[in-house]
Amino acid sequence: MEKWQHEAVVNFTVSPVFYIRVSGDNYHYRLPGEQNNDYTFVDAAVTYKLDKLKTDLEFSVTNLANIGNYGFAALSANSITESSSRIRPRMATVKFYFRF
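Please read these numbers as outputs of a predicted model, since none were measured by experiment.

What follows is about the sheet that holds strand S4 (residues 55-62). Taken in spatial order, the 5 strands make up an open sheet running S1-S2-S3-S4-S7, and their pairing is antiparallel. On the outer flanks of this sheet lie strand S1 (2-15) and strand S7 (91-98), each paired with one strand and no other. For this sheet, the mean angle separating the axes of adjacent strands, direction not counted, is 15°. Taken together, the 13 bridges between strand S2 (residues 18-30) and strand S3 (residues 36-50) define a ladder with antiparallel strand orientation. Residue pairing for S3: Phe 18 is matched across the bridge by Tyr 48.

Following this line, the structure appears as structure tokens:
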């Protein structure tokens, strides 16, 4: 069984009050005699700081690739277990962070 996981995060500071973050994960596994299984997840977020109000406003989108099912495999001494799960589709959120 082959199993690989890659992660990457890129942060951009556009200005002292505006930030962008993009992150991605790639999961790959292959069981003997079966096809390759690849899953790539991408998330993005934009943050704007409102210093006068001591507040950060963040808009984020998760699962940009809109992956609906995620499969994974586990290997132990005597067995290989393959599982599949439904995951939340693409989702956008707005968050407010207050500083005191």
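There is more to say after this.
A separate point is unusual backbone geometry. For Asn 63, which is not glycine, the phi torsion reads 55° and is therefore positive. Here Asn 63 lies in the loop between S4 and strand S5 (69-75). Even without being glycine, Asn 66 reaches a positive phi, approximately 55°. Looking at the secondary structure, you find Asn 66 in the loop between S4 and S5.

As a further point, take the environment of Asn 69. Following the sequence through the fold, Asn 69 ends up in strand S5. Distance from Asn 69 to Arg 86, taken between C-alpha atoms, is 4.4 Å for residues 17 residues apart in sequence. Contacts of Asn 69, omitting those with residues within four sequence positions, involve Tyr 39, Ser 84, Ser 85 and Arg 86.

Core analysis: the biggest nonpolar cluster contains 6 residues, these being Tyr 29, Leu 31, Tyr 39, Phe 41, Ile 67 and Ala 73. Once residues lying within four places of it in the same chain are set aside, the contact partners of Tyr 39 are Asp 25, Asn 26, Tyr 27, Tyr 29, Ile 67, Asn 69, Tyr 70 and Gly 71.

Quick look at the side chain of Asp 56 now. Topologically, Asp 56 is positioned in strand S4. Not counting residues within four places of it along the chain, the set of residues in contact with Asp 56 comprises Thr 47, Tyr 48, Lys 49, Lys 95, Phe 96, Tyr 97 and Arg 99.

Another point: a nonpolar patch on the surface. Side chains of Val 46, Phe 59, Val 94, Phe 96, Phe 98 and Phe 100 sit close together on the surface and give an oily, nonpolar patch of about 720 Å² of accessible area. Residue contributions to the nonpolar patch peak at 3 residues, all from S7. Relative to the helices and strands, Phe 100 is located in the segment after S7.

In this section: the pattern of salt bridges. Taken as a whole, this structure holds 5 salt bridges when the rule is applied. Among the ionic pairs, Asp 51 bridges to Arg 99, the shortest N-O distance being 3.4 Å. Taken together, the residues Asp 51 in the loop between S3 and S4 and Arg 99 in the segment after S7 connect sequence positions 48 residues apart. A residue is classified by how much of its surface remains accessible, and Arg 99, at 32% relative accessible area, is partly exposed. Taking the shortest distance from any N to any O, the salt bridge between Arg 99 and Asp 56 comes out at 2.5 Å. With a gap of 43 residues between them, Arg 99 in the segment after S7 and Asp 56 in strand S4 connect regions that are remote in the sequence. Via salt bridges that share partners, Lys 49, Asp 51, Asp 56 and Arg 99 belong to a single interconnected network.

Cut-off values and rules
Residues numbered from 1 in each chain as written. Predicted model: local features only at pLDDT ≥ 70, side-chain atom pairs only at ≥ 80, totals over all residues. Heavy atoms only, no water. Pairing = 2+ DSSP bridges. Helix = DSSP H or I, 4+ residues; strand = E, 2+ residues; numbered from the N terminus. Axes fitted to C-alpha atoms, helices over the stretch in contact; angles between N-to-C directions. Contact = heavy atoms within 4.5 Å. Core = buried A, V, L, I, M, F, W, Y, C linked by side-chain atoms within 4.5 Å. Buried < 20%, exposed > 50% of the residue type's maximum accessible area, 1.4 Å probe, protein only. Patch = residues over 30% accessible without salt bridge, like charges linked within 9 Å, V, L, I, M, F, W, Y side chains within 5 Å. Areas by Shrake-Rupley, 256 points an atom, 1.4 Å probe, with all protein chains shown as cover. Salt bridge = Lys/Arg side-chain N within 4 Å of Asp/Glu carboxyl O.

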